[in-house]
Amino acid sequence: VKGFRCGGIDYITKPFNGSELIARVNAHIELKHNKDNLKEMALTDGLTKLYNHAYIHERLSEEISNTKRHDLDLSLIMFDLDNFKIVNDLYGHKQGDRVLQKISSSILDIIREEDIAGRYGGEEFIVILPNTDHSSAYKVAEKIRTSVKNIKWNIENLKVTLSGGVH
């Protein structure tokens, strides 16, 4: 009982049965896998696989606090897709979803592992750049902008650009 009160969720008595031990271990591995999947679903946007709005706010607060505490640089890039409604209207929402996914992938290809990218809204994106000065953040933003501009789409005349800012 004391073990359960301290957070334990299972126990095995001695002498143990090998088959029971394997079954319990497998059950706990599956529980851990399911818990990890639920956590990922709670933190990420299902379409883009970037962090969701709520998690971005949480991480931004943490990064601001850490930046103040250790006197570090912190930069933020925010941007949205230009005329995205037209993409959805002309080519359909399925193609619009593909555009969002491709742009998200481009962002992840450019940023560092410690950077935090999220889908802020419908076609709005945010990138938190810990320990990054304004000049370096601007270079990252420009790489993202250029990367998106140069994406080759499988639809004739489809051009996607974005606008944003660095803080």
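For the structure itself, consult the block above.
Procedures and definitions
- Numbers given for residues are sequential positions, taken from 1 along each chain in its written order.
- pLDDT decides what is reported in this predicted model: residues at 70 or higher carry local features, side-chain atom pairs at 80 or more are listed and counted, and totals for whole chains, interfaces and linings draw on all residues regardless.
- Based on all heavy atoms of the structure, the side-chain values leave hydrogens and waters out of the count.
- Helix and strand labels come from DSSP, where a helix needs a run of H or I of at least four residues and a strand needs a run of E of at least two; each type is numbered from the N terminus.
- In this setup the radius of gyration rests on C-alpha atoms only. A globule is expected at 2.2 Å times the number of residues raised to 0.38.
- Relative accessibility thresholds used throughout: buried, under 20% of the residue-type maximum; exposed, over 50%; partly exposed, between the two (1.4 Å probe, protein chains only).
- The criterion used for residue contact is that any of the two residues' heavy atoms lie within 4.5 Å.
- Note on areas: Shrake-Rupley with a 1.4 Å probe; residue coverage comes only from the protein chains shown.
- Within this scheme the basic residues Lys and Arg register as positive and the acidic residues Asp and Glu register as negative, but His and the chain ends are omitted.
- All charge positions are set by atom: Lys at NZ, Arg at CZ, Asp at CG, Glu at CD.
- Buriedness of a pocket was judged along seven lines, with at least five required to meet protein on both sides within 12 Å; pockets are open sets of points on a 1 Å grid over the protein atoms alone, cavities are sets where a 1.4 Å probe fits but cannot get out, and lining residues have an atom within 4 Å of a point.
- Grid points are joined across faces, edges and corners, and a volume is the space filled by probe spheres set on the points.
- Lys, Arg, Asp and Glu make up the charged group, whereas Ala, Val, Leu, Ile, Met, Phe, Trp, Tyr, Cys and Pro make up the nonpolar group; the residues left over, Gly among them, are polar.
- Should DSSP find at least two bridges between two strands, the strands are taken to pair.
- To get an axis, a line is fitted to the C-alpha atoms, and for a helix only the part in contact is used. The angle between two axes follows their N-to-C directions and goes from 0 to 180 degrees.

Undergrad: Let's hear about the overall build of the chain: which residues, and what values?
TA: Of regular secondary structure, the chain possesses six helices and four strands. Start at the N end of the chain and walk to the C end: the helices and strands fall as α-α-α-β-α-α-β-β-α-β. For the chain, the C-alpha radius of gyration of 22 Å lies well beyond 15 Å, the compact-globule estimate for 167 residues. Oriented by its inertia axes, the alpha-carbon framework of the chain measures out at about 70 × 45 × 20 Å. By residue count, 30% of the 167 residues in the chain fall in the buried class. Residue pairs at least 24 apart in sequence account for 64% of intrachain contacts in the chain once pairs closer than 6 positions are excluded. Entry remark: accessible area of the chain is about 11,300 Å², with carbon and sulfur atoms responsible for 53%. Seen as two clouds, the 23 positive and the 24 negative side-chain charges of the chain have centres 3 Å apart.

Undergrad: How would you sum up the layout of surface pockets? Please name residues and give values.
TA: There is about 160 Å³ of room inside the largest pocket. If you list the elements that add at least two residues to the lining of the largest pocket, you get strand 1 (74–81), helix 6 (134–149) and strand 4 (162–166). Taken together, the residues of the lining of the largest pocket break down into eight nonpolar, three polar and two charged.

Undergrad: Account for unusual backbone geometry, naming residues and giving values.
TA: Residue Lys14 is joined to Pro15 through a cis peptide bond whose omega torsion reads -10°. Looking at where Pro15 falls in the secondary structure, it is placed in the loop between helix 1 (2–5) and helix 2 (18–43). Phi angles above zero are rare outside glycine, and Asp71 is one such case at about 55°. Its location among the elements puts Asp71 in the loop between helix 3 (53–70) and strand 1. Take Asp71: its relative accessible area is 70%, and that puts it in the exposed class. You will see that Asn83, though not glycine, has its phi angle at about 55°, which is positive. Here Asn83 is to be found in the loop between strand 1 and helix 4 (84–91).

Undergrad: Explain the sheet that holds strand 1 residue by residue, including any values.
TA: Strand order across the open sheet formed by four strands is 2-3-1-4, with antiparallel pairing between neighbours. The sheet is open, and its two edges are formed by strand 2 (116–119) and strand 4, each paired on a single side. Averaged over all adjacent pairs, the angle separating strand axes in this sheet is 15°, with direction ignored. As paired strands, strand 1 and strand 3 (residues 124–130) are joined by seven bridges and run antiparallel to one another. Bridge pairing in strand 3 places Leu74 opposite Pro130. In the packing of helix 5 (residues 93–110) onto the sheet, the strands contacted are strand 1, strand 2 and strand 3, and the crossing angle to strand 3 comes to about 10°.

Undergrad: So what's going on with the pairing of strand 3? Residues and values would help.
TA: Burial analysis of strand 3 places six of its seven residues in the buried class, which makes it a mostly covered element. Bridge count for strand 2 against strand 3 is four bridges, and the pairing is antiparallel. The residue of strand 3 that forms the bridge with Ile116 is Ile128. A loop of four residues connects strand 2 with strand 3, the two strands running antiparallel in sequence.

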